[in-house]
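Here is what each chain is made of, one letter per residue.
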Protein chains: 2
Amino acid sequence: MSSLPFAADNPAAPQGTAGVATPAFSPLYQQIKGLILQSLQQGEWKPGEAIPSEMELAARFRVSQGTVRKAIDELAAENLVMRRQGKGTFVSTHAEQHVQYRFLKLLPDTGDARVEGPAQRRVIDCRRVRANADVARALALRSGDAVTQARRILSFAGVPTILEDIWLPGQAFKGLTAEQLANYQGPTYAMFELDFGVRMVRAEEKIRAVLPDEEQAQLLQITPVTPLLSVERIAYTYNDVPMELRRGLYRTDTHHYRNELS
Amino acid sequence: MSSLPFAADNPAAPQGTAGVATPAFSPLYQQIKGLILQSLQQGEWKPGEAIPSEMELAARFRVSQGTVRKAIDELAAENLVMRRQGKGTFVSTHAEQHVQYRFLKLLPDTGDARVEGPAQRRVIDCRRVRANADVARALALRSGDAVTQARRILSFAGVPTILEDIWLPGQAFKGLTAEQLANYQGPTYAMFELDFGVRMVRAEEKIRAVLPDEEQAQLLQITPVTPLLSVERIAYTYNDVPMELRRGLYRTDTHHYRNELS
DNA sequence: AAGTGGTCTAGACCACAAC
DNA sequence: TTGTGGTCTAGACCACTTG
């Protein structure tokens, strides 16, 4: 039984005539959304599991089903939960996505990603280091804090296509090994959920065109004058907490980065 | 007074027991959405104008306000209309976007796009040609059909940053001149709305890293070994009809392409 | 048959903008 | 004061899934 900031029989935003700035106000369904979010964040329901039914949540929060519904609508729009008619509402997970890689927008020019199958992974490096200024800033850490750094190559149909450098906060990802990164079947983000309880919910990418240095070119088996996509990604858990910095170099001779605008 | 495929007092999907495949069924609010979309498409309400109030539409379609509301909710989510509390619901337009360029995701590395101000445009070329196979496929035309082709350079703070080639269906854009492309104040897509009645509603982009040829390098005042972002965009009007093919070459030494994932 | 999400309605009230 | 979109409720019924 949770207590609401503003309960249903204790209407929100009573609009005092004090004349000062509007007090922090949010509609009921936003408050409900916040409470559900809190439960998600605290792990009350695990990825892939069903959350309580709308009627149950309505009773628990003492609001109507319609209000819970609108809260869940927004959570579903943000891909935090998934609704399935007749079954229930489920916590999103990177493990059972209809598309294999939720955050990877690189597609083969030949259209169909399914024919490629999953990428082959080769982990080149995985070790604990101290964060430099750039990494620290991206992950909201202090310079010198412990981070786990990894480098790996993803190949499609045997062709090395992506070279990735990954930085993870040392605290949350204590004990991460190269074997885990290499051998886990399925998306790496699913492994993060399962082994570390870290769910990536959102990400931002900055994309540039670059030329590889000698080492990068060698790893991707290309010449140093092959232009590459540099994709710098920061992935966030709940509450906009950054939990991963990833810098990918994508070959785009047989693949392209696809984006939809509206 | 429109007649609905399934009226409110003539319940949809009576679920015949014929045992064959489910007949085409869509909920009432989807039908309403379709009707509103049709009016938008036919220009019953122009970009920037208000559409009728929810109550009016509810009366017109003989459904409840809540049903109209849900239809408009989806249209708003797709950026086809914009709601403004207390004022009404307005047809989206590229002219008065809160961000100046709705489809341009290139931002200065220094964060704030506003300090740059609008881009300086220099039109290099604008002429009618016949569509080759690639252009024809992208625009759903036949090879040899008339298209208007243009090339221009966008500069920020005096630095040539984007080289764009644009292809437009000749029929819809009859009479387009270099002067229009160069002199119109505001987004080019706003000019398309105003002068040609063509509203771009959605777009898809394929992004690659490339090296410029001699001519491209000269126009952008860079060396031919400067890697560039190649952004191939197809923009669509209503009903997924492609109305523009655009290929941009972006310098990414001082700017980056920004994308958000969820 | 029971339980879930999905749709639709009707009515009340709130917040915002314009007159 | 009026009209708009925004919130909230309560109840009915539909569609899908499971037992």
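As the structure is a computational prediction, the values presented were derived from the model and not from experiment.

### Focus on helix α3 (residues 65-77) of chain A
All names here are of chain A.
And step 1. If you check α3, its first and last C-alpha atoms are 18 Å apart, about what 13 residues at 1.5 Å a residue would give, namely 18 Å.
And step 2. Every buried residue of α3 is listed here: T67, V68, A71, I72 and L75. An end-on view of α3 places all buried positions within 135° of arc, on one side of the element.
And step 3. The inward-facing, buried residues of α3 abut α1 (28-41), β1 (50-51), α2 (54-61), β2 (81-84) and β3 (88-91).
And step 4. N79 sits one or two residues past α3 and shows a positive phi near 65°.

### Thoughts on the interface of chain B and chain A
And step 1. Contacts between the two partners involve 31 residues from chain B, matched on the other side by 31 residues from chain A.
And step 2. For chain B, the biggest contributors to the area lost against chain A are B:N259, B:L261 and B:S262; these three give 25% of the whole.
And step 3. Viewed at the interface, chain A and chain B are joined by four salt bridges.
And step 4. Between A:D109 and B:R208 there is a salt bridge, with the nearest N and O atoms lying 2.7 Å from each other.
And step 5. Joining chain B to chain A, the criterion identifies 19 residue pairs in polar contact (both at pLDDT 80 or more).

### A closer look at the side chain of A:E54
Residue and element names in this part refer to chain A.
And step 1. The topology assignment puts E54 in helix α2.
And step 2. Of the polar contacts made by the side chain of E54, one reaches the side chain of Q65; its length is 2.9 Å.
And step 3. Ignoring any residue separated from it by four or fewer positions in sequence, one finds E54 in contact with Q65, V68, R69, I72 and R83.

### Regarding the protein's contact with DNA strand D
And step 1. As a structural note, the neighbourhood of DNA strand D is formed by 23 residues, with A:L28, A:S64, A:T67, B:R69 and B:R83 the closest of them.
And step 2. The sugar and phosphate moieties of DNA strand D supply 85% of its atoms located within 4 Å of the protein.
And step 3. Side-chain polar atom of A:K87 to a phosphate oxygen of DNA strand D: 3.3 Å apart, as the coordinates give it.
And step 4. A distance of 2.9 Å is found between a base nitrogen of DNA strand D and a backbone nitrogen or oxygen belonging to B:G86.
And step 5. Here the surface near DNA strand D is built from residues that sort into six nonpolar, nine polar and eight charged.

Calculation notes
Residues numbered from 1 in each chain as written. Chains lettered and ligands numbered in written order. Predicted model: local features only at pLDDT ≥ 70, side-chain atom pairs only at ≥ 80, totals over all residues. Heavy atoms only, no water. Helix = DSSP H or I, 4+ residues; strand = E, 2+ residues; numbered from the N terminus. Expected span 1.5 Å × (residues − 1). Buried < 20%, exposed > 50% of the residue type's maximum accessible area, 1.4 Å probe, protein only. Arc of directions from axis to C-beta. Contact = heavy atoms within 4.5 Å. Buried area = accessible area lost by both parts, 1.4 Å probe. Salt bridge = Lys/Arg side-chain N within 4 Å of Asp/Glu carboxyl O. Polar contact = N/O pair within 3.5 Å; in protein donor to acceptor, adjacent residues only side chain to side chain. Near = heavy atom within 4 Å. Nonpolar A, V, L, I, M, F, W, Y, C, P; charged D, E, K, R; others polar.

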